[in-house]
Structures are given as C-alpha cells and as structure tokens.
Amino acid sequence: MKMPIAGCVIALFGGLAASGTPADDAAVNPAVLAAVKACDTDARHLLERLVAIDSGTGDREGLAAEAAVYTKVLQAAGAQVRREAPTPPSVGDNLVATLHGTGKGRILLIAHMDTVFSRGDVAKLKPHWDGDRYIGPGAGDDKSGGVIAVCAFKALRATGFRDFARIDLLLNASEETGSLGSRDLIQRMARDSDLVLNLERGVPTDKAVVSRKGSSVLIFEFTGRAAHSGLEPEKGRNAVLEAARVALMLGGLANPDQKTTVTVDILSGGDKTNVVPAHAILKADVRALTAAEFDRVEQAAAQIAAKPAIEGVTITSRLDRDFPPWPRSPSADAMLARANRLYAELGRSLTGIEVGSSSDASLAAATGTPTLDGFGMEGAGAHTPDDSVDLATLTPRAYLLVRMLMEVGREPGGM
Ligand SMILES: [Zn+2]
C-alpha cells in the first residue's frame, strides 16, 4: 500500500489547523484513514472470493452464491441485509444492506453483482494479481464496487460514527443488461435519499463521473417478397438490399455538436443463396446527452422508414430507450465540490468527467436526487478479459467514500 501523500498532509496541515486557518478543513481524519487502511487485507481476500464466482447476468446459481458471500460480510459489518425480488421477475434477487444511524442524512450506494461474462470464464481466464492490480471477470466491473462498500461499512463501525439516518447499499443483479429487474427499486430508493453514490469503478486518476449519455437501440425491420434467385428474381423484393441502403444512411443521424452517436451493430437477413431475401433486420446503438436528441433520431428514422427505395419493401422503425441521459447538473457539481474538499484532506483533488457509457447512476439521477458515479476503486478493461481493479486505490477512494458518508450523513443539505 503506497500512501506517501497522506503522511505529508498530516505533517503539512497539522500545524496550520492548530492556528485556526481555513486549512482546518483540509486536515486528514486519522481515525478514518486508519480504518480504511485496516480494510486492505480483507478487501483483497473478499475480491478474490467474489471474482471466483461466475455471475454473469441471469446466472441464478452464481448470483445466489455471490449474494450469500455479501450477506455474511455485510451482516458482520453491522448491516441489516434483505433480498429484493426483481421486478419485473428476472433471474437473481437484488440485495439491500442497510446501516441505521441516529442522524439526518440518507445515502444510497449502488454496486452490481452481475458481470458480462459466461459460466466457465473464471476457470478459463484465471483471475490473478499483477502487483496491486487484480485481473479477472468482473474484478473491476463491478465486484470492486461491493468490496469498497463493505470496507466503508466496516470503517464506519470501527470509528463509531452514527450521525446519519440511513446508509443503504443496493447490490443489483441485472445491471449489465439494463437493470430491468431493479429499475423501480433503484428509483424508489433514490427518491428516498439525499445523495446517490454509484460505485462503478473509478476512472484513473482521481476522476468521478458527473454525466453519462443515455443509451438506446434503433431497430429497423424490412419486409420484402421471396422469389427464386435464378428463375425469376425480378419477382422478388429484396429486403437485404433495402437494409444495406438504410444502414449506409444512419451515420447521417449522428450529431457531433450534441455528441450524439449512431453506430450500426447488427445487419442480418436472408438464409439461402438461391432465394431473394424477404426479411432483414438492422440495429444501431444510439447514445445522446438529451431526450430531445433521442426524439430527433426517432423521427428521422421514421422518415427513412416511410420512403423505401425498393418498391414493395415495407420498413418499420422504432427506438428502444434503455438508460436515460444523465446531463450534468448543478446539484451533482455541488456534491462533487463537497467530495473534492474531503479528498483534499489527502492532498488529492477529484475531477468530474462526462462519459459515453451508461450505468445505474442515470436511473438514480433521473429522480432528481444528486448523484455521483465512478466512486469505487480505480480500474480498467471493463467487459474484456483484462477487467481489473487497482487495490492501491482502495485507501484513498475508501477514505473519500467514508468521509462523504459522514459529511452528507451529518448534514445532507450542506455545501
Ligand atoms: Zn459493465
């Protein structure tokens, strides 16, 4: 564990604090620092145990095994743990761990148990350490999020801090496929909280996410008419050709000024080489920062669908909206400033960034509750065999998390 800076900060600000200068605010909290450092060994072991379980979205057995591990360690950290069945029904219960305190602030932490990996990938990819980095399926995305939450709960208990009304940790079982079984729960809990911190892995170095694009899928279906490709191709209406033409048009729906992207991902149709294809499907990933941009793309797609180039082919289009856009907001920036003041206690500074990917933070922020994301340990390689988390960032990130829980717990409306 390398923390050269913290020691310097204590030395630097210790004297100033005594003199009553504004540097009072920047003095490290030694009890919290000691408590999060004390997490380190257990956190590494817990991460190894969690990553060793295959828990791709929909893996009932794996998610149950992971939930059992979490339940035990969270109960040992003083939390009340309950299961929340997914609504609408899907595979894997969500888990909610709650700490009750004596104060005012209500904070919701979110991490997810599911991964994008398949059963057998743990054995195939062989999770391992590379220095302080742990590499394995779901290590960074997002088992590290659960691990840092457990550390924070333990640190609060170790320091005896209870000046908050409630701290909830929601461990989502279906994030990687759009949180279909937990959307209502996330939004209900977010509405009933003063702050939401999503524990997706942090972006190196010292970044927190304050805005994400919304995600959606644009779907075109093409219906033509089958015919013998050799005998009478002129009688056919080729759905694949029409789909190819439309695919080439979709780049034009992007809007660089608004950072809206449209990416063709799936184009399929036809299944025999001697039949004019009567059916084709085209899907494009659409990301945008505003709902208005989604509306614009949806309308433009409908206009394209209304004018097929091949007479006799019909086209339908629709935009399936997934995570809503999470635009940057003054309330999130105010929370970021608050977090930044706390991170300064370690001599560090936290930078807010906007990213193109989606997460549960978008669902939480849509309720109007201030939300910050990327509040976990720092990592990289999500959704690849190099999915990793850097345990050298546990101490500073867990310190920041615990201090944020304390400050917002004590004074939810403070600045
Ligand atoms: Zn992911």
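Owing to the predicted nature of the structure, the values given are computational and were not obtained by experimental measurement.

Further remarks concern the sheet that holds strand β11 (residues 279-288). Pairing is antiparallel in the open sheet, where four strands are placed in the order β10-β11-β9-β12. Two strands lie at the open edges of the sheet, namely β10 (261-269) and β12 (314-321), each paired on one side alone. Between one strand axis and the next, the sheet turns through 15 degrees on average, direction left out of account. Pairing between strand β9 (residues 214-223) and β12: eight bridges, direction antiparallel. Across the sheet, Phe220 pairs through a bridge with Ser317, a residue of β12. This element, helix α8 (residues 239-249), spans β9, β10, β11 and β12 of the sheet and lies at about 15 degrees to β11. Strand contacts of helix α9 (residues 291-306): β9, β11 and β12, with the helix running at about 170 degrees to β12, the strand carrying the most contacts.

Looking now at the coordination of the zinc ion. Six octahedrally arranged donors around a metal ideally form angles of 90 or 180 degrees; four tetrahedrally arranged donors ideally form angles of 109.5 degrees. Of the protein atoms, only Asp141 (OD), Glu176 (OE), Glu176 (OE) and His383 (NE2) coordinate the zinc ion, at distances of 2.0 to 2.6 Å. One can describe the site at the zinc ion as irregular: its four donor atoms subtend angles covering 54 to 143 degrees at the metal. Mapping the donors of the zinc ion onto the primary sequence gives the spacing D-x34-E-x206-H. On the criterion of sequence distance, the pair formed by Asp141 in helix α6 (residues 139-159) and Glu176 in the loop between β6 (166-172) and α7 (183-191) is long-range, its members being 35 residues apart. Its relative accessible area of 5% is what places Asp141 among the buried residues. For Glu176, a relative accessible area of 18% puts it in the buried group.

What follows deals with the pattern of salt bridges. For the structure on display, the rule yields 33 salt bridges. Ionic pairing is found between Asp93 and Arg83, a salt bridge with its closest N-O pair at 3.8 Å. With Asp93 in the loop between β1 (80-84) and β2 (94-100) and Arg83 in strand β1, the pair connects residues that are 10 residues apart, well separated along the chain. Assessed through its relative accessible area of 28%, Asp93 is described here as partly exposed. In this structure, the salt-bridge partner of Arg106 is Asp194, at a minimum N-O distance of 3.0 Å. Of this pair, Arg106 sits in strand β3 (residues 106-112) while Asp194 sits in the loop between α7 and β7 (195-198), and the two are 88 residues apart along the sequence. On the basis of relative accessible area, Arg106 is assigned to the partly exposed category, the value being 26%.

With respect to the helices and strands, Arg397 occurs in helix α12 (residues 394-410). For Arg397 and Asp206, which are 191 residues apart along the polypeptide, the C-alpha to C-alpha distance reads 8.5 Å. Setting aside its immediate chain neighbours within four residues, Arg397 contacts Ile148, Gly202, Val203, Asp206, Lys207, Tyr343, Leu350, Gly374, Phe375, Gly376, Met377 and Glu378.

The domains assigned to the chain are domain 1 (5-212 + 326-410) and domain 2 (214-321). Between the C-alpha centres of domain 1 and domain 2 there is a distance of 40 Å. Across the boundary between the two partners, domain 1 contributes seven residues, which contact five residues of domain 2. Here domain 1 meets domain 2 over a buried area of about 400 Å², counting both sides, of which 33% is carbon and sulfur.

Strands sit in the order β1-β2-β6-β3-β7-β14 across an open sheet of six strands; the sheet is mixed. Edge positions in the sheet fall to β1 and β14 (371-372), since each of these pairs with one other strand and no more. Where β3 meets β6, seven bridges bridge the pair, whose relative direction is parallel. Across the sheet, residue Leu109 finds its bridge partner in β6, namely Leu169.

So, on to the nonpolar core. The biggest cluster of nonpolar side chains holds 71 residues, and the ones touching the most others in it are Leu109, Phe153, Phe375 and Met404. Among all residues touching Met404, those that are not within four sequence positions of it are Leu195, Leu197, Met335, Arg338, Ala339, Leu342, Leu372, Phe375 and Gly409. Residues Ala239, Ala284, Ala288 and Ala300 belong to the second largest nonpolar core, which totals 24 residues.

When the terminal C-alpha atoms of α12 are compared, their 24 Å separation across 17 residues agrees well with the 24 Å that a helix rising 1.5 Å per residue should span. Across the 17 residues that make up α12, a large majority, 16, are buried.

What follows deals with the state of the cysteines. The tally for this structure, following the rule as stated, stands at one disulfide. Each sulfur of the disulfide joining Cys39 and Cys151 lies 2.2 Å from the other. Between Cys39 and Cys151, the S-S dihedral sits near 100 degrees, and the bridge is therefore right-handed. Here Cys39, found in the loop between α2 (30-37) and α3 (40-51), pairs with Cys151, found in helix α6; they are 112 residues apart in sequence, far enough to count as distant.

Attention now moves to the packing of aromatic side chains. The final tally for this structure, using the stated rule, is three aromatic pairs. With a centroid separation of 6.3 Å and 25 degrees between ring planes, the pair formed by Phe161 and Phe164 is classed as stacked. Each member of the pair, Phe161 as well as Phe164, carries the same accessibility label: buried. Stacked on the ring of Phe323, the Lys or Arg Arg183 has its end atom at 5.3 Å from the ring centre.

Definitions and cut-offs
Residues numbered from 1 in each chain as written. Predicted model: local features only at pLDDT ≥ 70, side-chain atom pairs only at ≥ 80, totals over all residues. Heavy atoms only, no water. Pairing = 2+ DSSP bridges. Helix = DSSP H or I, 4+ residues; strand = E, 2+ residues; numbered from the N terminus. Axes fitted to C-alpha atoms, helices over the stretch in contact; angles between N-to-C directions. Contact = heavy atoms within 4.5 Å. Donors = N, O, S within 2.8 Å, 3.2 Å for Na, K, Ca; no water. Tetrahedral: all angles 85-135°; square planar, octahedral: opposite > 155°, others 65-115°. Buried < 20%, exposed > 50% of the residue type's maximum accessible area, 1.4 Å probe, protein only. Salt bridge = Lys/Arg side-chain N within 4 Å of Asp/Glu carboxyl O. Domains from an automatic or database assignment. Buried area = accessible area lost by both parts, 1.4 Å probe. Core = buried A, V, L, I, M, F, W, Y, C linked by side-chain atoms within 4.5 Å. Expected span 1.5 Å × (residues − 1). Disulfide = S-S within 2.5 Å. Phe/Tyr/Trp six-rings, centres within 6.5 Å; stacked < 30°, edge-to-face > 60°. Lys NZ or Arg CZ within 6 Å of the ring centre and 35° of its normal.

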